[in-house]
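Descriptive structure summary
What follows is the residue order along each chain.
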There are 2 protein chains.
Amino acid sequence: MVIGVGMTKFGELWNKSLRDLIVEAGLKAIADAGVTSNEIDALYGGCMSAGQFISQEHVAALIADFAGLATKKIPAIRVEAACASGAVALRQAYLAVVSGAHDIVVAGGVEKMTDVDESIATQALATASDQEWEALLGLTFPALYALIARRHMHEYGTTREHLARVAVKNHKNACLNTNAQYRSEITIEQVLKAPYVAEPLTVLDCSPISDGAAALVLCSLEKAKSLKLDTTVKILASAQASDTLALHSRSSLTTFEATVAAARQAYKQARIEPKDVDVAEVHDCFTIAEILAVEDLGFAEKGKGGKALEEGIFDLSGELPINTSGGLKACGNPLGATGIAQAVEIVNQLRGRAEKRQVKDAEIGLTHNVGGSGATCVVHIFGRC
Amino acid sequence: MVIGVGMTKFGELWNKSLRDLIVEAGLKAIADAGVTSNEIDALYGGCMSAGQFISQEHVAALIADFAGLATKKIPAIRVEAACASGAVALRQAYLAVVSGAHDIVVAGGVEKMTDVDESIATQALATASDQEWEALLGLTFPALYALIARRHMHEYGTTREHLARVAVKNHKNACLNTNAQYRSEITIEQVLKAPYVAEPLTVLDCSPISDGAAALVLCSLEKAKSLKLDTTVKILASAQASDTLALHSRSSLTTFEATVAAARQAYKQARIEPKDVDVAEVHDCFTIAEILAVEDLGFAEKGKGGKALEEGIFDLSGELPINTSGGLKACGNPLGATGIAQAVEIVNQLRGRAEKRQVKDAEIGLTHNVGGSGATCVVHIFGRC
């Protein structure tokens with residue numbers, strides 16, 4: 001059960017360090033839950049590469065230290081799965097509560113990416129791919145996703161306009177989110193005419209380099225009964241799957257089999273079908289990634305993600321609003337924080353606290369977080385109760 | 001329940017990559033367990049800093065990939081807690097089994113440290129300390145532990161000979177371990193006369209830079225009933241605690257409060273006392289660390305660890321043999337693998353498979369794994385059943 005959420009603004013936050021960011025998000029979540037720091041039994045932190053970005057490993061113990069939790073000597077666990085680090089941390093925190101080891105656990109995520117210059121950040125990001133078979137050969141992440149986009153266009157007739165629509169929609173949503181990195185609308189033409197990063201992807205098809213943190217407070221069902229809670233959100237499913245790191249080892253470039261596997265498990269655990277989902281945050285690190293996601297999660301037929309998008313199904317006013325926060329594209333993508341921020345958005349939607357981007361009567365929400373080019377996929381389903 | 005163990009030799013393994021090492025250890029453990037790869041439900045991997053050592057993050061998915069487990073799409077989770085990454089991974093794997101999410105889980109650990117030169121390795125290791133308050137000021141790990149050693153000598157009259165005895169004992173044990181990095185006896189005089197790294201610690205007071213991997217196969221009690229097992233080892237306790245990263249924030253330099261907290265919980269979970277332990281592997285990254293450990297775990301009175309060692313209590317033929325494998329000092333310290341290798345040694349001891357270093361009638365064993373200078377401590381207790 002999620003009883004509290006908190007996050008920082010995402011963006012280029014020159015005046016805040018990694019420890020500042022995660023403590024800010026964590027304290028907001030604890031305050032939101034209405035518990036005291038003394039009641040926290042354990043801490044899980046998702047972080048992809050503080051080692052490469054700020055020369056700091058041992059991140060979870062650091063967070064416990066600077067959050068003032070070291071005095072209680074609680075266990076603090078850092079989890080890494082590239083850009084899916086946040087959701088993997090959430091899943092571990094969830095399993096720890098289910099195991100009975102802990103009652104109240106904080107699951108947080110953080111990344112401080114702007115202390116190094118962009119070329120070093122791009123190199124650090126590339127370490128999420130297969131170092132021996134991809135990164136060393138010069139395949140950066142935009143290049144990997146460009147291969148995927150090109151193949152999707154070839155197989156299904158997806159167009160550059162379809163890709164651009166993802167960015168346009170998510171920027172529009174981000175305008176309504178005060179925590180978002182980019183709060184400005186863009187047009188399809190602007191996306192198409194922006195400089196190429198890796199053709200067919202322009203700079204406006206890519207999520208940015210961001211600083212930020214987010215946190216959730218989880219509580220066992222048993223313990224929650226003793227707390228006075230206004231609204232509560234239950235975790236109906238938590239599923240994770242892996243695939244090969246390198247793209248060349250897969251039978252298809254246009255399906256993330258790990259998303260398909262995690263989604264299948266998650267729907268089974270939650271006993272729902274894709275059509276029961278009211279609102280979702282999916283992993284749009286590049287515009288093509290959102291199209292793959294809506295197809296692999298069963299929100300659109302394979303190959304028809306672009307068309308569904310064109311029809312407005314995934315708009316804020318559509319049948320199934322997707323990335324109401326602005327997504328990774330416009331809300332920002334501080335790697336380790338991203339999976340947790342997705343959950344923050346969904347919990348806010350289910351609690352009716354999503355301000356001007358509120359989806360009416362949202363009862364079931366889904367988050368989908370991807371590591372690398374699909375080697376790790378994590379799906380969580382949340383329900384209002 | 002631990003149903004299989006495996007590890008590589010530890011050392012400077014120029015001809016093996018990270019993926020070679022962990023796959024070798026994992027396959028040995030799976031073979032030892034008598035299960036097939038297809039029966040593995042999840043993978044947990046401890047690794048401190050593949051990002052800094054070999055420019056590779058997303059390590060757990062990589063391991064699943066190269067172990068041939070990607071076809072089954074199982075979840076793969078990498079855990080980081082500096083030199084305690086291995087034991088934290090084991091604890092997460094244990095909690096996942098206890099939660100009911102999985103039946104058979106592999107918990108592995110790996111580090112490939114010798115692909116960079118020693119100064120870079122030292123820098124990478126320093127990222128386990130507080131980057132803003134320790135590492136940036138030039139405090140490397142030998143320096144941090146030298147401060148601890150100096151204070152222990154001042155407070156309790158511990159001598160340099162006491163420290164040296166840790167190295168002498170552990171090298172002696174390592175001679176009986178074919179997987180150990182250093183299989184040569186050394187004398188107290190040699191330790192004392194070796195070049196200083198950070199006074200009072202000489203190079204022979206320090207654990208080495210190592211490559212290596214280790215793995216365990218865990219199984220739920222329920223599932224274990226359906227397998228034909230000769231000998232089995234049960235995890236009686238799994239406890240983890242945190243402290244401040246920086247030494248200056250603590251009230252004492254000579255006690256690791258996180259060890260004390262984790263040990264207290266572990267003894268309570270296992271319903272035993274320190275005197276019930278028959279054999280233990282403790283974290284001797286520096287000789288002073290073993291003296292702190294035996295005191296903080298309750299095997300010797302505070303301040304009398306050196307004296308107990310002098311009396312031979314912790315020798316292979318003593319009352320409570322400690323670091324029969326050779327410990328981090330002589331078996332080697334490939335960070336992420338270390339905590340798992342400790343468990344491999346204890347499981348082998350409890351199964352009566354520790355060859356020439358077998359402790360007679362060992363029924364209860366303990367492992368103690370430390371991250372950094374004590375900000376993370378993990379204690380596991382194992383019992384023969």
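Reading the values: the criteria
- What you see as residue numbers is a count from 1 along each chain, following the sequence as written.
- For this description, chains carry letters from A and ligands carry numbers from 1, given in the order in which they are written.
- Given that the model is predicted, a residue must reach a pLDDT of at least 70 before its local features are reported, and side-chain atom pairs must reach 80 or more before they are shown or counted; all residues, however, enter totals for whole chains, interfaces and linings.
- To obtain the side-chain values, all non-hydrogen atoms of the structure were included, while hydrogens and water were left out.
- Elements are defined by DSSP. Helices are runs of H or I of four residues or more, strands are runs of E of two residues or more, and each kind is numbered from the N terminus.
- Taken over C-alpha atoms, the radius of gyration is set against a globule rule of 2.2 Å times the number of residues to the power 0.38.
- Residue burial is assigned from relative accessible area. The probe radius is 1.4 Å, only protein chains are included, and a residue is buried under 20% of its type maximum, exposed over 50%, and partly exposed in between.
- The contact rule is simple, with two residues in contact once any of their heavy atoms fall within 4.5 Å.
- The Shrake-Rupley method, run with a 1.4 Å probe, gives the accessible areas here. Residue values count only the displayed protein chains as cover.
- Expected helix span is taken as 1.5 Å per residue step, with the number of steps being one fewer than the number of residues.
- What counts as an axis is a line fitted to C-alpha atoms, over the stretch in contact for a helix, and the angles between N-to-C directions run from 0 to 180 degrees.
- Here is the rule for handedness: rotate from the far helix to the near one, and if that takes an anticlockwise turn smaller than a right angle the crossing is left-handed, while a clockwise turn gives right-handed.
- Residue type decides the class: Asp, Glu, Lys and Arg count as charged, Ala, Val, Leu, Ile, Met, Phe, Trp, Tyr, Cys and Pro as nonpolar, and the leftover types, Gly among them, as polar.
- At least two DSSP bridges between two strands are needed for those strands to be called paired.
- Here's the idea: put two parts together, see how much 1.4 Å probe accessible area each one loses, and the total over both is what we call buried area.
- Only one rule defines a salt bridge in this text: a Lys or Arg side-chain nitrogen within 4 Å of an Asp or Glu carboxyl oxygen.
- In protein, a polar contact means a hydrogen-donor-capable atom and an acceptor-capable atom, both N or O and within 3.5 Å, with residues adjacent in sequence counting only if both atoms are side-chain atoms; elsewhere, any N or O pair within 3.5 Å suffices.
- Residue-level confidence of the predictor is summarised by pLDDT, bounded by 0 at the bottom and 100 at the top.
- We call Phe, Tyr and Trp rings a pair once their centres come within 6.5 Å, taking the six-membered ring for Trp, and we label the pair stacked below 30 degrees between planes, edge-to-face above 60, and tilted otherwise.
- The copies were overlaid with a least-squares fit restricted to C-alpha atoms from residues scoring a pLDDT of at least 70 in each copy.
- Our angle categories are set so that under 35 degrees counts as roughly parallel, over 145 as roughly antiparallel, 65 to 115 as roughly perpendicular, and the remainder as oblique.

A count of helical and extended segments in chain A gives 14 helices and 11 strands. Rg of the C-alpha trace for chain A: 19 Å, near the compact-globule value of 21 Å for 385 residues, within the 12% margin. With respect to the three principal axes, the spread of C-alpha positions in chain A is 55 × 45 × 40 Å. Per-residue burial over chain A gives 67% buried out of 385 residues. Sequence separation of at least 24 residues holds for 77% of the intrachain contacts in chain A that already meet a minimum separation of 6. For chain A, the accessible area works out to roughly 12800 Å², and carbon and sulfur atoms hold 51% of it.

Residues lying three or four places apart along an α-helix face the same way, a consequence of the helix completing one turn every 3.6 residues. Residue and element names in this part refer to chain B. Its 16 residues give helix H1 (residues 18-33) an end-to-end C-alpha distance of 23 Å, which sits within 8% of 22 Å, the value for a rise of 1.5 Å per residue. When we look at burial in H1, the residues that qualify are Leu18, Arg19, Leu21, Ile22, Val23, Ala25, Gly26, Ala29, Ile30 and Ala33. Looking at the packing, one finds that the buried side of H1 touches strand E1 (2-7), helix H2 (50-54), helix H3 (59-66), strand E4 (104-112) and strand E7 (211-219). Of the residues flanking the end of H1, it is Gly34, one or two places downstream, whose phi is positive at about 75°.

This part is about the packing of H1 of chain B against H3 of chain B. All names here are of chain B. Where H1 contacts H3, the axes come no closer than 10 Å and their chain directions differ by 65°. Between H1 and H3 lies a crossing of right-handed hand. In contact with Leu18, Arg19, Ile22 and Val23 of H1, H3 contributes Val59, Leu62, Ile63 and Phe66. Its residues placed into classes, the contact of H1 with H3 shows seven nonpolar, no polar and one charged.

A separate point is the pairing of strand E4 (residues 104-112) of chain A. All names here are of chain A. For E4, the tally of buried residues reaches nine of nine residues, placing the bulk of the element in the interior. Covered by surrounding structure in E4 are Ile104, Val106, Gly108, Val110 and Lys112 together with Val105, Ala107, Gly109 and Glu111, the residues of both alternating faces. Bridging between strand E2 (residues 42-46) and E4 involves five bridges; their strand directions are parallel. Opposite Ala42, over in E4, you have Val105 as the bridge partner. As defined by bridge partners, E4 adjoins strand E7 (residues 211-219) across nine bridges and the pair is classed as antiparallel. Paired with Ala107 across the bridge in E7 is Leu216.

With that settled, consider the interface of chain A and chain B. Contacts between chain A and chain B engage 58 residues on the former and 58 residues on the latter. Roughly 4300 Å² of surface becomes buried between chain A and chain B when both sides are summed, with 50% attributable to carbon and sulfur atoms. Our count for the contact surface shared by chain A and chain B stands at eight salt bridges. Its salt-bridge partner being Arg78 of chain A, residue Glu80 of chain B comes within 2.8 Å of it at the nearest N-O pair. On inspection of chain A and its partner chain B, the count reaches 38 residue pairs in polar contact (both at pLDDT 80 or more). Elements with a contribution of two residues or more to the side of chain A that touches chain B: helix H2 (50-54), helix H3 (59-66), strand E3 (76-80), helix H4 (85-98), strand E8 (233-242) and helix H10 (257-270) of chain A. Of the residues forming the side of chain A that touches chain B, the biggest block, six residues, is contributed by H4 of chain A. Bridge count for E3 of chain A against strand E3 (residues 76-80) of chain B is three bridges, and the pairing is antiparallel.

This next bit is on the pattern of salt bridges. Counting across every chain of the model gives 50 salt bridges over all chains. In this structure, Arg357 of chain A and Glu345 of chain A form a salt bridge, with 2.8 Å as the shortest nitrogen-oxygen distance. Taken together, the residues Arg357 of chain A in the loop between helix H14 (335-350) and strand E10 (364-371) and Glu345 of chain A in helix H14 connect sequence positions 12 residues apart. In terms of burial, Arg357 of chain A and Glu345 of chain A fall into one category: buried. Residue Lys112 of chain B pairs with Asp115 of chain B through a salt bridge whose shortest N-O separation is 4.0 Å. Lys112 of chain B gets classed as buried once you look at its relative accessible area, which sits at 2%. A single salt-bridge network, built from bridges that share partners, covers Lys16, Glu24 and Lys28 of chain A.

For chain A, per-residue confidence averages 97 on the pLDDT scale, and 100% of positions sit at 70 or higher. At the level of chain-chain contacts, confidence expressed as ipTM amounts to 0.96, with global pTM at 0.97.

This next bit is on the packing of aromatic side chains. The final tally for this structure, using the stated rule, is six aromatic pairs over all chains. With centroids separated by 6.3 Å and ring planes inclined at 75°, the aromatic side chains of Tyr145 of chain B and Phe256 of chain B adopt a geometry described as edge-to-face. A residue pair is termed long-range when its members are at least 10 positions apart, and Tyr145 of chain B in helix H6 (residues 141-156) and Phe256 of chain B in the loop between strand E8 (233-242) and helix H10 (257-270) qualify at 111 residues. Like Phe256 of chain B, Tyr145 of chain B is buried. Site record: aromatic cluster; members linked through ring pairs are Phe141, Tyr145, Phe256 and Phe286 of chain A.

As a further point, take the relation of the copies chain A and chain B. Placing chain A over chain B gives an RMSD of 0.0 Å and needs a rotation angle of 180°, together with 0.0 Å of translation along the axis. The two molecules are tied by a two-fold rotation axis, judged by turn and shift. Closest to the rotation axis within chain A is the C-alpha of Ser99 of chain A, separated from it by 1.8 Å. A shared interface surface links the copies, since 100% of the contact residues of chain A are contact residues in chain B too.

What follows covers helix H5 (residues 118-126) of chain A. Of all the residues in H5 of chain A, the buried ones are Ala121, Ala124, Leu125 and Ala126 of chain A. The inward-facing, buried residues of H5 of chain A contact H2, helix H6 (141-156) and H14 of chain A.

On to the side chain of Thr324 of chain A. Residue and element names in this part refer to chain A. Structurally, Thr324 can be placed in the loop between helix H12 (305-310) and helix H13 (327-330). At a separation of 2.6 Å, a polar atom in the side chain of Thr324 contacts the side chain of Glu345. Once residues within four sequence positions are removed from consideration, Thr324 is found in contact with Asn173, Val279, Glu281, Leu316, Glu345, Gln349, Arg357 and Val359.

Residues and elements named next belong to chain B. Running from N to C, helix H7 (residues 160-174) and helix H11 (residues 287-296) cross one another at 95°; their axes reach a closest spacing of 8 Å. Relative to H11, the element H7 is oriented roughly perpendicular. On H11, the residues touching His162, Leu163, Val166, Ala167, Lys169 and Asn170 of H7 are Thr287, Ile288, Glu290 and Ile291. Broken down by class, the residue content of the contact of H7 with H11 amounts to five nonpolar, three polar and two charged.

Cis geometry marks the peptide bond from Glu199 of chain A to Pro200 of chain A; its omega dihedral reads 10°. As for its position among the elements, Pro200 of chain A is in the loop between strand E5 (196-198) and strand E6 (201-202). Positive phi values are uncommon outside glycine, yet Lys73 of chain B reaches one of about 60°. Within the secondary structure, Lys73 of chain B sits in the loop between H3 and E3. Taking the relative accessible area as the measure of exposure, Lys73 of chain B reaches 15% and is therefore buried. Phi angles above zero are rare outside glycine, and Ala82 of chain B is one such case at about 55°.

Turning our attention to the environment of Lys302 of chain A. All names here are of chain A. Among the structural elements, Lys302 can be located in the loop between helix H11 (287-296) and H12. Judged by relative accessible area, Lys302 falls into the partly exposed class, the value being 29%. Separated by 150 residues in the primary sequence, Lys302 and His152 have C-alpha atoms spaced 10.0 Å apart. Looking at Lys302, its side chain comes within polar contact range of the side chain of Thr255, at 3.5 Å.

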